Amino acid sequence: MSEGTQKTLFFIKNPSANLSAIELYLKKRDFNVFSESDLKTALLEIMKISPDYIFLAWDHPNERIVNIPKYILQSMMTTMIAYCTSNEKIQIRKLQGSGQTHKLFPPLSGPAIQRLISKLEKENLANSADPVAKKTNSSNMQNQSDMIQVKSSDKNKDLDQFMNSLSETESKPSEIYIDKGLRAKELRNKQNITKPSNLLYLAPVQDIVSSTEHKMSESLQKKLDQKFDEQIKLPLEELIETLKDHEYSANEPSILKNETLTIAKYGYCVVVEHKNWNGYLIVASESDVDPVSLESVLTNWINENLEDSNEDVSVLSHGFEVSLSDISYEIFSEKFADYTKTLTLNDKKTVLSFFSVTPEMMHLQLHDDHDMIEILTAEIPISLPVPFDLHLYLPENRKFILYSKKDSLVANIQIDRLKEKKVDKLYSSLDFENKVQKFRAEKRISRLIEKFKDVQKNI
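To keep things clear, this report deals only with the structure shown in the data block. Just so it is clear, the model here is predicted, and its values are computed rather than measured.

Quick notes on the rules
Residues numbered from 1 in each chain as written. Predicted model: local features only at pLDDT ≥ 70, side-chain atom pairs only at ≥ 80, totals over all residues. Heavy atoms only, no water. Pairing = 2+ DSSP bridges. Helix = DSSP H or I, 4+ residues; strand = E, 2+ residues; numbered from the N terminus. Axes fitted to C-alpha atoms, helices over the stretch in contact; angles between N-to-C directions. Contact = heavy atoms within 4.5 Å. Parallel < 35°, antiparallel > 145°, perpendicular 65-115°, else oblique. Nonpolar A, V, L, I, M, F, W, Y, C, P; charged D, E, K, R; others polar.

**Some points on the sheet that holds strand E5 (residues 102–104)**
Strands in a sheet are paired, the pairing made by backbone hydrogen bonds, and the direction either parallel or antiparallel. In spatial order, the strands read E2-E1-E3-E4-E5; together these 5 strands make up an open sheet with parallel pairing. On the outer flanks of this sheet lie strand E2 (32–36) and E5, each paired with one strand and no other. The mean angle between the axes of side-by-side strands here comes to 20°, regardless of whether they run parallel or antiparallel. Pairing of strand E4 (residues 79–83) with E5 involves 3 bridges; the strand directions are parallel. By the bridge assignment for E5, Tyr83 is matched with Leu104. Of the strands in this sheet, strand E1 (8–12), E2 and strand E3 (53–57) touch helix H2 (residues 39–49), which is tilted by about 165° from E1.

Shown next, in the form of structure tokens:
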């Protein structure tokens, strides 16, 4: 912003969201920036500061966030922008239906916020220079003022009651409700379409990544290419630019970064399940990348380019970090990926790669009568931590008993006993869906990396 036009921004943020890099980015560009997650404290601070722009986290766990605009507009003239950092469908829909004129969808970045404010400032300047618009705005402001005056006798009482209600709700821990029944129905629909054969069902302990039978179609590759600059290159550049000057403290979430992709150590993986393509989308970068924001970018790109089906089901899982075992990632991707793209920013590379997996092996299988995920006895690692609970099903009693707790070791003798009793499946709760997906993805990717390293030795 130019001198004399410094603007004050206030972010009401979700307690679980980390906006520190965005705040630093904006401060370095001459904005006054304030933020608060407690709604009562935020409202009190806003009344004191009277910011030019207020950003409202529509995915805030306190549902009274939707009432905040009403009380702010009773006290001041300001511009409000609803946003969310979560990429969950339910949160996106809430934001879409917020009724707010200005909205910011994930991923959130410093340049995106700066660009929106610049646009709004130009609109305000144009309106103030246009006599007709100026008269209309003046009339609207007067109508709004009249409305507020009519309510002015009750305003303080209403505000006090609202503040008290915030005190009550803020003291209670927020709860996230997951409709497991709905998710189980989604999974059953998928497994009914693609029921694995006995051979394929053992694939978690086989090398089935990059199945030649299920490669990405040329038409889908062309669609991804056409939208790459708009939906991937620009958002990623803005996310990387936001993080460029930020120094992370110990209590902030991990940032994915490789010193060089010729000896790549880390990648970020999301599981893609769709009728048009199934597999793993892995991103490795030499720049600082925030996993939460990266997942938003990838989700938008995939959802925009895979054909929509009538069923409202999840296409992407939550992402997770995977080890790349010091491989040359570009060469690895060129050899095994269906589709790979490289972008360079400030002489640092970021590579995105799609590795296909046969659909039968992507879909989690549930018990016929209960919403529990099937885990093959053959895929349980021996004497290594298993990242999810394991349950044994007793058909005569039709109930599950806990066999092994999350992160426990399963000894070789335990596996042998299960085999002796012809127990080929254990089960895990739907709560561990992402853990199971990550567990299987890591195993499959590590096998592919081993295959790549064997090939490289012979070159």
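**Side note on the packing of helix H1 (residues 20–27) against helix H11 (residues 228–243)**
Remark: H1 packs on H11, axes separated minimally by 8 Å, with the N-to-C direction vectors making an angle of 80°. With respect to each other, H1 and H11 are oriented roughly perpendicular. Of the residues in H11, those in contact with Ala21, Ile22 and Tyr25 of H1 are Glu241, Thr242 and Leu243. Here the residues of the contact of H1 with H11 sort into 4 nonpolar, 1 polar and 1 charged.

**Some words on the packing of H11 against helix H12 (residues 291–305)**
Where H11 contacts H12, the axes come no closer than 10 Å and their chain directions differ by 175°. As far as their axial angle goes, H12 and H11 are roughly antiparallel. Where H11 abuts H12, its residues Phe228, Gln231, Ile232, Pro235, Leu236 and Leu239 lie against Ser293, Leu294, Val297, Leu298, Trp301, Glu304 and Asn305. Of the residues assigned to the contact of H11 with H12, the class counts are 9 nonpolar, 3 polar and 1 charged.

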